[in-house]
Amino acid sequence: MDWCPQKNNFDRPITRSYSTGLFSVNVVEALQEFWQMKQARGADLRNGALVIYESVPSNAQPYVCYVTLPGGSCFGSFQNCPTKAEARRSAAKIALMNSVFNEHPSRRISDDFIEKAVTEARTNFKGEPEEADNPNTGIGAFRFMLESNKGRTMLEFQELMTVFQLLHWNGSLKAMRERQCSRQEVVAHYSNRALDDDMRSQMALDWIAREQENPGSLRKELNQAERELESARLAGRELRFPKEKKDILILAHSQINVN
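Scope of this entry: the structure provided in the associated data block.

About the thresholds
- Residues numbered from 1 in each chain as written.
- Predicted model: local features only at pLDDT ≥ 70, side-chain atom pairs only at ≥ 80, totals over all residues.
- Heavy atoms only, no water.
- 1 Å grid on protein atoms, 1.4 Å probe; cavity = no way out; pocket = protein on both sides within 12 Å on 5 of 7 lines; lining within 4 Å.
- Points joined across faces, edges and corners; volume = space filled by probe spheres on them.
- Helix = DSSP H or I, 4+ residues; strand = E, 2+ residues; numbered from the N terminus.
- Nonpolar A, V, L, I, M, F, W, Y, C, P; charged D, E, K, R; others polar.
- Pairing = 2+ DSSP bridges.
- Axes fitted to C-alpha atoms, helices over the stretch in contact; angles between N-to-C directions.
- Buried < 20%, exposed > 50% of the residue type's maximum accessible area, 1.4 Å probe, protein only.
- Parallel < 35°, antiparallel > 145°, perpendicular 65-115°, else oblique.
- Left-handed = near helix turned anticlockwise from the far one by under 90°.
- Contact = heavy atoms within 4.5 Å.

As a further point, take the layout of surface pockets. For the second largest pocket, the calculated volume is near 400 Å³. In terms of lining residues, the second largest pocket is bounded by 21 residues, among which Ile-52, Thr-68, Glu-159, Arg-200 and Arg-240 are the most central. Listing elements by their share of the lining of the second largest pocket, those giving two or more residues are β1 (52-55), β2 (65-68) and α10 (240-258). Considering each element in turn, the lining of the second largest pocket owes the most residues, four residues, to α10. Counted by class, the lining of the second largest pocket contains nine nonpolar, five polar and seven charged residues.

Before going further, it helps to spend a moment on the sheet that holds β1. Sheet architecture is open: three strands sit in the order β1-β2-β3, paired in antiparallel fashion. Whereas interior strands pair on both sides, the edge strands pair on one side only; in this sheet they are β1 and β3 (74-76). Sheet twist, expressed as the mean angle between neighbouring strand axes with direction ignored, is 20 degrees.

Below, the discussion takes up unusual backbone geometry. Peptide bonds are trans in most cases, and residues, glycine excluded, mostly fall at negative phi. Following Gln-61, the chain continues to Pro-62 via a peptide bond in cis, the omega torsion being 0 degrees. With respect to the helices, strands and loops of the structure, Pro-62 is situated in the loop between β1 and β2. The phi dihedral of Gln-180 falls on the positive side, at around 70 degrees, and the residue is not glycine. Classification of Gln-180 by relative accessible area gives exposed; the value is 69%.

Contact geometry of helix α5 (residues 158-170) with helix α7 (residues 183-190) gives a least axis separation of 11 Å together with a crossing angle of 130 degrees. By the angle between their directions, the pair α5 and α7 is classed as oblique. The two elements α5 and α7 cross, and the hand of that crossing is right-handed. Only Val-186, Val-187 and Tyr-190 of α7 make contact with α5, whose side of the interface consists of Leu-160, Val-163, Phe-164 and Leu-167. Each residue belonging to the contact of α5 with α7 can be placed in one class, and the counts come to seven nonpolar, no polar and no charged.

Okay, structure coming up:
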């Protein structure tokens, strides 16, 4: 049984908005200062404390902006924004709320957290109890990955989670299993890999090959990814996985059109 990480329910968002109090300040500056403070206090931020914004190209409202946090989590503007600046503030607002919520002890990967997460994953996929202690099963690999990141928060763990979500979605985990790679070996390898342009390009090539075998499959998957991303953005949910899917599929589509 493959582990499908997007089914995990331990990353529920905070989506309330405020017109006073916390968000009467400059939320863009506040978000950056929050993560710089975390780094100064010793948080393990492998890529530094920089918060990255990405505006969706558009000549008309509503404007959309995404923000990627240190650790890999991504959020987007969830309001109807008449200006690009307002879209940036909207993205910063939902990211700051989730960053603050992420500091709660229940969000830190601990022994208790791992047991609850593994139990929930086993229930979702109807796995047997002994699978949790076998690193060659999906549930066992999930436990191994969590234990390897004990002490980190879920937002700080997000990029690694997204890598494995993408590997599952792309069929790469299945291909590795067919090559007799254990899940523990796969987890150990990808735990040290960044989600970068090289990984996206390789996955885009896989989708180009699928399109050549089954014309129309790429456009169908892209349409679904766009709907999923839009729905998640408007709901104020964490977006890294659906956004990466869309970006990879757009990359594949653009390369097919060039060729």
